[in-house]
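One-letter residues, chain by chain:
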Amino acid sequence: MSALTDLSSFSTYPIVQAPMAGGASNPRLAAAVAGAGGLGFLAAGYKTSEAMYQEIRQLRDHTSQPFGVNLFMPQPGTVDPSAVEVYAEQLSGEAAWYATALGDPEAGSDDGYEAKVAILLEDPVPMVSFTFGCPERAVLEAFTKAGTYTVVTVTTPAEALAAQWAGADAVCVQGVEAGGHQGSHRDDPQLDGAGIGLLSLITQVREVVRLPIIAAGGLMRGEQITAVLAAGAGAAALGTAFLVCPESGAPALHKQALTDPVYARTELTRAFTGRPARGLVNRFIREHGRYAPAGYPQLHHLTLPVRRAAADLGDPQAMALWAGQGHRLARELSAGALVETLVAEMHAAEEARA
Ligand SMILES: Cc1cc2nc3c(=O)[nH]c(=O)nc-3n(C[C@H](O)[C@H](O)[C@H](O)COP(=O)(O)O)c2cc1C
């Protein structure tokens with residue numbers, strides 16, 4: 001495999017389908033995006049290393065275009081077990097209501113990181129991105145040696161500097177508008193409410209690092225992509241916009257909820273996983289979000305059976321309905337048609353400015 005060294009060489013258009021763990025970004029979605037000239041991404045988070053590798057092989061069967069694989073960084077074991085225990089007690093009514101047991105909070109905190117890295121170094125893919133932290137320099141160097149382009153998600157200028165020092169090829173600048181988890185390198189409750197909006201963050205990151213930028217957070221239309229490119233990004237990553245596509249593996253209830261007027265707003269919450277993630281405000285977030293402690297991934301394991309039981313019952317009120325602030329703008333187009341529409345909107349926006 002010849003190494004791609006420039007962000008623009010990965011796709012015809014500067015449009016990235018953001019990685020979405022939990023089923024949404026599967027090989028079908030990534031292949032459809034790649035086929036339309038965007039950059040598709042697989043999400044290795046919450047999967048075994050074998051399941052990740054199987055998806056990579058499936059995607060290779062569907063496309064010869066470049067693609068990315070996203071990894072969760074292992075979390076430091078600093079979580080207070082008594083806070084997790086108290087939260088478990090507070091959730092006992094949920095478990096009873098959904099006729100399930102709570103999960104084991106100690107079901108693992110490294111997400112199989114080492115095994116996934118080993119597979120990706122053994123059989124390299126074009127791009128690997130990391131969230132929830134920055135890998136050590138040696139790991140990034142090993143990927144570079146293997147011909148893989150490395151991207152680290154950042155939510156502050158300081159994290160961007162850390163990524164540059166460690167040797168990342170690019171940063172994914174994730175604004176506070178973004179759906180799903182904030183990719184902060186450390187979950188610090190003292191910084192709750194300090195999230196930075198995407199346009200401001202791109203500019204702040206550009207002032208401190210020279211790395212190419214993939215911009216993410218709240219982007220749903222071509223005009224917005226044009227705006228972040230004008231602000232200095234090399235590409236734009238869209239999660240929520242691709243979540244509703246028929247190729248996405250997100251549950252139908254999740255897709256429907258994104259444009260359902262019942263859901264008036266999104267919020268960053270630790271209620272489901274113990275790390276701030278943006279989702280549609282439903283009953284679970286309203287009832288438990290205020291006191292949910294920092295405790296990722298312990299709370300993820302703890303609440304998983306409740307979320308699954310709610311999904312099985314067709315009840316979105318206890319599901320994690322991850323969504324970016326732009327969710328109301330979601331369009332139920334096929335992934336290829338969405339890429340085409342975004343490109344047409346970008347051209348129209350550029351012409352209007354000329
Ligand atoms: C359902 C869902 C799952 C996500 N899973 C991941 C993930 O596994 N890894 C990651 O780096 N980011 C993940 N994200 C964040 C996205 O990669 C991206 O930053 C975000 O979707 C951009 O904001 P937008 O949803 O407003 O477009 C997820 C987002 C959503 C909506």
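- Within an unreviewed UniProt entry, the label attached to the protein chain reads Probable nitronate monooxygenase, and the organism entered is Actinacidiphila yanglinensis.
- According to its UniProt record, the protein chain has this under Cofactor (unreviewed entry): "FMN".

**Let's talk about helix H9 (residues 222–230)**
Argument step 1. Within H9, burial applies to Gly222, Gln224, Ile225, Thr226 and Val228.
Argument step 2. Gly232 lies just past H9 and shows a positive phi near 120 degrees.

**Looking at the site of the ligand**
Argument step 1. Close contacts around the ligand come from 31 residues, with Ala21, Gly179, Gly180, Gly239 and Gly324 the closest.
Argument step 2. When contributions to the shell around the ligand are tallied by element, the ones reaching two or more residues are strand E7 (180–181), strand E9 (235–238) and helix H10 (240–243).
Argument step 3. Per-element accounting of the shell around the ligand gives the leading share, three residues, to H10.

**A closer look at the sheet that holds strand E11 (residues 277–280)**
Argument step 1. Sheet architecture is open: three strands sit in the order E7-E11-E10, paired in antiparallel fashion. Each of the sheet's edge strands pairs with one partner strand only, and the pair in question is E7 and strand E10 (266–269).
Argument step 2. When E7 meets E11, the two strands line up antiparallel, connected through two bridges. Paired with His181 across the two strands is Ala277, which belongs to E11.

**Re the packing of helix H3 (residues 81–90) against helix H13 (residues 298–312)**
Argument step 1. The interhelical angle for the contact between H3 and H13, taken along N-to-C directions, is 20 degrees, at an axis separation of 11 Å. With respect to each other, H3 and H13 are oriented roughly parallel. Crossing handedness for the pair H3 and H13: right-handed. Taken together, the residues of H13 that come into contact with H3 (itself represented by Val84, Tyr87 and Ala88) are Gln298, Leu299 and Leu302.

**Comments concerning the pairing of strand E4 (residues 127–131)**
Argument step 1. The element E4 is largely enclosed, with a buried count of five among its five residues.
Argument step 2. Judged by which residues are buried, E4 turns out to be covered on both faces: Met127, Ser129 and Thr131 on one side and Val128 and Phe130 on the other are all buried.
Argument step 3. Summarising the sheet, strand E3 (residues 67–72) and E4 pair through five bridges and their orientation is parallel. Of the residues in E4, the one forming a bridge with Val69 is Val128.
Argument step 4. Sheet topology places E4 next to strand E5 (residues 149–154); four bridges connect them, and they run parallel. Note on E5: the bridge partner recorded for Ser129 is Val151.
Argument step 5. Traced from E4 through helix H6 (residues 137–145) to E5, the parallel crossover comes out right-handed.

**Topic: the sheet that holds strand E2 (residues 40–43)**
Argument step 1. In spatial order, the strands read E1-E9-E8-E6-E5-E4-E3-E2; together these eight strands make up an open sheet with parallel pairing. Whereas interior strands pair on both sides, the edge strands pair on one side only; in this sheet they are strand E1 (15–17) and E2. When strand polarity is set aside, the average angle formed by the axes of neighbouring strands in this sheet is 25 degrees.

**Overview of helix H5 (residues 113–122)**
Argument step 1. When H5 is considered as a whole, its buried residues turn out to be Tyr113, Lys116 and Leu120. Angularly, the buried residues of H5 cover 70 degrees about the axis, an arc narrow enough to put them on a single face. Opposite the buried face of H5, at more than 90 degrees from it, the exposed residues are Glu114, Ala118 and Glu122.
Argument step 2. On its buried face, H5 is in contact with helix H2 (49–62), E3 and E4.

**Details of unusual backbone geometry**
Argument step 1. Each neighbour pair has its own omega, and for Tyr296 with Pro297 the value is 0 degrees, a cis peptide bond.
Argument step 2. When you line up the elements, Pro297 lands in the loop between helix H12 (283–288) and H13.
Argument step 3. Notably, Tyr46 is not glycine yet its phi reads approximately 70 degrees, a positive angle.
Argument step 4. Looking at the secondary structure, you find Tyr46 in the loop between E2 and H2.
Argument step 5. The partly exposed category is assigned to Tyr46, around which 15 C-beta atoms lie within 10 Å.

So, how was this worked out
Residues numbered from 1 in each chain as written. Predicted model: local features only at pLDDT ≥ 70, side-chain atom pairs only at ≥ 80, totals over all residues. UniProt positions renumbered as here; feature names shortened; annotations may be inferred. Buried ≥ 20, exposed ≤ 12 C-beta atoms within 10 Å, placed from the backbone. Helix = DSSP H or I, 4+ residues; strand = E, 2+ residues; numbered from the N terminus. Near = placed C-beta within 6 Å. Pairing = 2+ DSSP bridges. Axes fitted to C-alpha atoms, helices over the stretch in contact; angles between N-to-C directions. Parallel < 35°, antiparallel > 145°, perpendicular 65-115°, else oblique. Left-handed = near helix turned anticlockwise from the far one by under 90°. Contact = placed C-beta atoms within 7 Å. Right-handed = clockwise from strand over helix to strand, strands pointing away. Arc of directions from axis to C-beta.

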